[in-house]
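Notes for the structure review
Residues per chain, in single letters:
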Amino acid sequence: MNNSPQEFTFNNINRLWSYLIINEINFQNVSGFYTSPGLRNAPLLWATTKVNAEKIYSGFDERAQAYRAIGAYKKTGLPSVLLCTSGTAMANYYPAVIEAWKDKIPLIIISSDRPHDLVWGDHNQTIPQENMYGKFVLETVDLGLPTIDISPRALTTKVAQLIHKAAYQGGPVHLNIRFREPLDHSFAEIDSDYVDSAIKHINKIATSFHPMTNLPGELPKHVQDMILSSSKPLITVGGLRDYDQDTKKLIHKVIDQLGGLYHFDITSSLKFTMNNGAGHIPSPDHPEVIRDLKKDPPDLILHFGSRLTSKHTYTWLENSEIPLIQFGSSCDSEDPSSSCEYKIFGPTNMALQALKNLLENHKAKPHWLEWEDTIIKKEELIESAPISFAYISKKSIEHAPKDAQFYIGNSSIIRSFNNYSTLSTESEKKNFTVYSNRGVSGIEGFIACSLGLAEQTKDLPTYLFLGDISALHDLSSLAQLTIKKNLNLKIIILNNSGGGIFKLLPINNDKDQSYLELMTTPHQVNFKNLISALNIECSQVTDKESFHREFTKLENNKNISIIEVVIDDQNNINLFNQLKTIQ
């Protein structure tokens, strides 16, 4: 809740500018201020406590804070704000900044800096900060030192423009502000007319920018003709940044109207909302799926959202001439195959409603391919084999609460979830919301992201699934969990003693194995011992029965709890290879 500026005195211009900036950001509706300690950013920290102390999320590790902010965005859809001191502090944001840039996540980075002359003179804790993030931010603004030569209106208008650029274009922006001492409450006189102008501006409503709607009420005529004339259409759905329950209903309706085939990527949150037997395509990472699609291809593909997890889909499309129409909230391509003929960008629900209207009297086309027998055989093989990534995915989908939130790590684990298919009608009762970091598909920051997500949705259970190397990258975030034990967050770490995904790739067949360990980075870390030392509940399982027992306990545990699943890497490789042979 905002404090009125009349309730305190602006002792110096550093505090006045800081209040103007933070107040403007708060008006624009952000998920929170993710602060890190320091002295150079003290004016901004002070202003944040005065403007909206309820939205402050404090943490000592800038790297984890940045991923925590991304996790908050995944749930709220609102930009998050990072506040740090000078020097290397902002460098620790870099991996998350790249993820936000790649996945078009609005992230507002505010770094505090020293004046130019102190940087030139090589004073302590100084580096050139203004363009540190380069092309990985939509815009960088160096405000310089607070001065009465820049009006409060000009300052806040620029701040608001930067926030809206992040929100509507999707991506991080960087605001660098330089402070000369005093950094505390010390008095340094400000021109009274300037103070009066600032207070008057603070009491006004925020600067407002309005995005352009890029999609008209109906689809272009040529696109309509392509859709209506298709006899073998395929709908594919990737991650949807503006997904909600209305989106799910509209997609189901459009699929019923259009007919043909459809494929839901795991990132779409739709994968287990429709019976996988009638017209559904399993992941094209299954060799038999790609084989059949090449033999009897669709004549049109309608793709919604961001790119699919399956690399094989795009390898197939690169060598085909199938027309592809993309619908998305971004004007960027998001098509690794470069085969898109039309990109229609705007709100997803608006596009779906236009399709629904177009197909009102359309006769649904039959689905012409099916893989039911193969799906059944693969399920049976997963159940009969030793514990594996595939088994963990299968059982988690079957036994997690129907409205659970899944945060799925990258590398082997997300492919395991994406590749699993079932004919069970029980899956239709699942309404999982799936989150992932597929912008740049890095393996770091997942514990921090899931913490940020869980903090925003305490009424829903959050399940994080990640690999061992990914967990090792984010150990500092475990310390954050020690003060958040009443959070409904469950973490499942799949420990196969290294980066096992490289052993599933053709590079593992190289006769020269001398460099493979440099890729897989094998280890002997016991996560249960490591996590228990932090006084966080953690169990360790090594077989299917113990996993099933421990996983089913999680539903009734409303606190943070962790399961380490120890998986024999060779068993996992054997199953992976066997699954590829089933036709």
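Residues numbered from 1 in each chain as written. Predicted model: local features only at pLDDT ≥ 70, side-chain atom pairs only at ≥ 80, totals over all residues. Heavy atoms only, no water.

Observations concerning the overall build of the chain
Along its length, the chain carries 22 helices and 17 strands. With the C-alpha coordinates of the chain rotated into their principal frame, the extents come out at 80 × 60 × 50 Å. For the chain, with 583 residues in total, the buried portion stands at 58%. The long-range fraction of contacts in the chain, counting pairs at least 24 apart against all pairs at least 6 apart in sequence, stands at 79%. (Helix = DSSP H or I, 4+ residues; strand = E, 2+ residues; numbered from the N terminus. Buried < 20%, exposed > 50% of the residue type's maximum accessible area, 1.4 Å probe, protein only. Contact = heavy atoms within 4.5 Å.)

Section: the packing of helix 14 (residues 389–399) against helix 21 (residues 544–553)
Packing of helix 14 against helix 21 brings their axes to within 11 Å, and their N-to-C directions diverge by 35 degrees. Note that helix 14 runs across helix 21; the crossing there is right-handed. Between helix 14 and helix 21, the contacting residues are Tyr391, Ile392, Lys395, Ser396 and His399 on the first element and Lys544, Phe547, His548, Phe551 and Thr552 on the second. Of the residues belonging to the contact of helix 14 with helix 21, the class tally is 4 nonpolar, 4 polar and 2 charged. (Axes fitted to C-alpha atoms, helices over the stretch in contact; angles between N-to-C directions. Left-handed = near helix turned anticlockwise from the far one by under 90°. Nonpolar A, V, L, I, M, F, W, Y, C, P; charged D, E, K, R; others polar.)

What to know about the pattern of salt bridges
Applying the stated criterion across every chain, the model contains 23 salt bridges. Taking the shortest distance from any N to any O, the salt bridge between arginine 178 and aspartate 142 comes out at 2.8 Å. On the criterion of sequence distance, the pair formed by arginine 178 in strand 6 (residues 172–178) and aspartate 142 in strand 5 (residues 140–144) is long-range, its members being 36 residues apart. Using a relative accessible area of 1% as the deciding quantity, one classes arginine 178 as buried. (Salt bridge = Lys/Arg side-chain N within 4 Å of Asp/Glu carboxyl O.)

Comments concerning helix 11 (residues 311–318)
Among the residues of helix 11, those classed as buried are Thr313, Tyr314, Trp316 and Leu317. Viewed along the axis of helix 11, the buried residues span an arc of 155 degrees, placing them on a single side of the element. Its buried side turned inward, helix 11 meets strand 7 (233–237), helix 10 (287–295) and strand 9 (300–304). Near the N-terminus of helix 11, the side chain that reaches the backbone nitrogen of histidine 312, with its oxygen 3.4 Å away, is that of serine 310. (Arc of directions from axis to C-beta. Polar contact = N/O pair within 3.5 Å; in protein donor to acceptor, adjacent residues only side chain to side chain.)

Overview of the sheet that holds strand 4 (residues 107–113)
Read from one edge of the open sheet, 6 strands run 2-1-3-4-6-5, paired in parallel fashion. The sheet terminates laterally at strand 2 (56–58) and strand 5, the two strands that pair on one side only. The mean angle between the axes of side-by-side strands here comes to 20 degrees, regardless of whether they run parallel or antiparallel. In terms of strand pairing, strand 3 (residues 80–84) meets strand 4 through 5 bridges, oriented parallel. Paired with cysteine 84 across the two strands is serine 111, which belongs to strand 4. Relative to the sheet, helix 3 (residues 62–76) contacts strand 1 (32–35), strand 2, strand 3 and strand 4, its axis offset from that of strand 3 by approximately 165 degrees. (Pairing = 2+ DSSP bridges.)

Remarks on the sheet that holds strand 12 (residues 405–408)
If you walk across this open sheet you meet the 6 strands as 13-12-14-15-17-16, and the pairing is parallel. A single partner strand is all that each edge strand has here, and the edge strands are strand 13 (433–436) and strand 16 (538–541). Averaged over neighbouring strand pairs, the angle between their axes works out to 20 degrees when direction is ignored. Sheet topology note: the strand 14 (residues 462–467)/strand 15 (residues 489–495) ladder contains 6 bridges and is parallel. Residue glycine 467 lies in a different strand from strand 15, and its bridge partner there is leucine 494. Together, strand 12 and strand 13 form the strand contacts of helix 3, whose direction differs from that of strand 12 by roughly 140 degrees.

Considering the packing of helix 3 against helix 16 (residues 446–456)
In the contact formed by helix 3 and helix 16, the axes pass within 6 Å of each other and the chain directions differ by 45 degrees. Relative to helix 16, the element helix 3 lies oblique. Judged by the sense of rotation from one axis to the other, the crossing of helix 3 with helix 16 is right-handed. Of helix 16, the residues touching helix 3 (which contributes Ala64, Tyr67, Arg68, Ile70, Gly71, Ala72, Lys74, Lys75 and Thr76) are Ala448, Cys449, Leu451, Gly452, Leu453, Glu455 and Gln456. Residue classes in the contact of helix 3 with helix 16 are distributed as 8 nonpolar, 4 polar and 4 charged. (Parallel < 35°, antiparallel > 145°, perpendicular 65-115°, else oblique.)

Focus: the confidence of the model for the chain
For the chain, per-residue confidence averages 90 on the pLDDT scale, and 95% of positions sit at 70 or higher. pLDDT under 50 marks residues 210–214. Its contacts with residues more than four places away, or in other chains, come to 3 contacts. (pLDDT = per-residue confidence, 0-100.)

A few points about the pairing of strand 7
With respect to burial, strand 7 is a largely interior element, 5 of its 5 residues being buried. Residue alternation in strand 7 divides its side chains into two sets, Pro233, Ile235 and Val237 and Leu234 and Thr236, and both sets are buried. Looking at chain direction, strand 7 and strand 8 (residues 261–264) are connected through 4 bridges and run parallel. The residue bridging threonine 236 from the neighbouring strand is histidine 263, located in strand 8. Once you follow strand 7 into helix 9 (residues 245–258) and on to strand 8, the crossover reads as right-handed. (Right-handed = clockwise from strand over helix to strand, strands pointing away.)

A short note on the nonpolar core
Generally speaking, a soluble globular protein has its nonpolar side chains buried in company with each other. With 48 residues, the main nonpolar core has Tyr93, Leu481 and Ile491 as its most contacted residues. Those residues in contact with isoleucine 491 that sit more than four places away from it in its chain are Ile447, Leu464, Leu466, Leu481, Ser561, Ile562 and Ile563. Counting 38 residues, the second-largest nonpolar core is a separate cluster that includes Val30, Ala47, Ile108 and Tyr194. (Core = buried A, V, L, I, M, F, W, Y, C linked by side-chain atoms within 4.5 Å.)

Digging into helix 9
Relative to the 20 Å expected for 14 residues at 1.5 Å per residue, helix 9 spans 20 Å between its end C-alpha atoms, a close match to the ideal helical length. Considered for burial, the residues of helix 9 that qualify are Thr247, Lys248, Leu250, Ile251, His252, Val254, Ile255, Gln257 and Leu258. Residues of helix 9 that are buried in the fold lie against helix 8 (221–229), strand 7, strand 8, strand 9 and helix 12 (348–358). Residue aspartate 244 occupies the N-cap position of helix 9, its side-chain oxygen lying 3.1 Å from the main-chain nitrogen of aspartate 246. Trailing helix 9 by a residue or two, glycine 259 shows a phi angle of about 80 degrees, which is positive. (Expected span 1.5 Å × (residues − 1).)

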